[in-house]
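# Observations on the model geometry
Chain by chain, the residues run as shown.
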Amino acid sequence: MMHYAYLAGGCFWGLEELFRKQPGIMDIEAGYTGGKNDNPNYYFHSGHAEALKIHYDPKKTSFKEILDFFFRVHDPTTLNQQGNDRGEAYRSAIFYQNEKEKKEAEEFIELVNKSGKWKDPVVTMLEPLTTFWTAEEFHQDYLQKNPGGYTCHYIHTDSYLK
């Protein structure tokens, strides 16, 4: 059975590079979701977030563990911004596929807020997944192809699950 998580936390390049190294991650696609237009692209993606489609093996990792890593590698307290990237496309969001994922995400946001690891509250949005549009080929594996390329992602905190 295929398991996917759909997350946005700023530019997809840096998130993709960090997630690729995590146990249980089988494949990652950079793309767009949560917006208004069909067939979005880098130059026209009205309301879409730069997001990842993360294919994972549930025998090696869980949705909760993916959320844990997600909240460790971006700042979930900045609205529509990560590093120098600003705008709705760079929002922090979890695109849930069902009520179980939504509930797990709500509980995880509460855990992050209670942890005290951030001085401001989490602004990560919970949005129902609509269509995920795969980004252009040059965005896929970008930092693998361009090792000196821009990223604003790094591990900010220890695990919330400890």
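Please read these numbers as outputs of a predicted model, since none were measured by experiment. (Residues numbered from 1 in each chain as written. Predicted model: local features only at pLDDT ≥ 70, side-chain atom pairs only at ≥ 80, totals over all residues. Heavy atoms only, no water.)

### Considerations on helix 3 (residues 99–115)
- Compared with the 24 Å implied by 1.5 Å per residue over 17 residues, the 24 Å span of helix 3 between its first and last C-alpha is a close match.
- Buried residues of helix 3: E101, E104, A105, F108, I109 and V112, and no others. The buried residues of helix 3 occupy an angular sector of 140° when projected down its axis, which confines them to one face. Opposite its buried face, helix 3 presents the exposed residues E99, K100 and K114, each directed more than 90 degrees away.
- In this structure, the buried side of helix 3 is in contact with strand 1 (3–9), helix 2 (63–72), strand 6 (92–96) and strand 7 (125–128).
- Between a side-chain oxygen at the N-terminus of helix 3 and the backbone nitrogen of K100 the separation is 3.1 Å; the capping residue is N98.
- Positive phi appears at G116, one or two residues downstream of helix 3, with a value of about 75°. (Helix = DSSP H or I, 4+ residues; strand = E, 2+ residues; numbered from the N terminus. Expected span 1.5 Å × (residues − 1). Buried < 20%, exposed > 50% of the residue type's maximum accessible area, 1.4 Å probe, protein only. Arc of directions from axis to C-beta. Contact = heavy atoms within 4.5 Å. Polar contact = N/O pair within 3.5 Å; in protein donor to acceptor, adjacent residues only side chain to side chain.)

### So, the pattern of salt bridges
- Scanning the entire structure with this criterion turns up nine salt bridges.
- With a shortest N-O distance of 4.0 Å, E16 and R20 are connected by a salt bridge.
- We classify E16 as buried; its relative accessible area is 1%.
- Look at R20 and you get partly exposed, because its relative accessible area is 28%. (Salt bridge = Lys/Arg side-chain N within 4 Å of Asp/Glu carboxyl O.)

### Topic: the nonpolar core
- The biggest cluster of nonpolar side chains holds 35 residues, and the ones touching the most others in it are L7, F19, L52, F71 and I94.
- Counting residues per element, the ones that place at least two in this core are strand 1, helix 1 (12–19), strand 2 (25–33), strand 3 (49–56), helix 2, helix 3 and helix 4 (142–145).
- Filtering out sequence-adjacent residues up to four positions away, F19 remains in contact with L7, I25, I28, L52, I54, I66, F69 and F70.
- Counting seven residues, the second-largest nonpolar core is a separate cluster that includes Y6, A51, A93 and F132. (Core = buried A, V, L, I, M, F, W, Y, C linked by side-chain atoms within 4.5 Å.)

### Some points on the environment of D75
- Looking at where D75 falls in the secondary structure, it is placed in the loop between helix 2 and strand 4 (81–82).
- Residues D75 and G9 lie 66 residues apart in sequence; the distance between their C-alpha atoms is 7.8 Å.
- Apart from residues lying up to four places away in sequence, D75 is in contact with Q82, W118 and H156.
- Only 2.5 Å separates the side chain of D75 from the side chain of T77, close enough to count as a polar contact.

The values reported here are purely geometric and, on their own, carry no functional implication.
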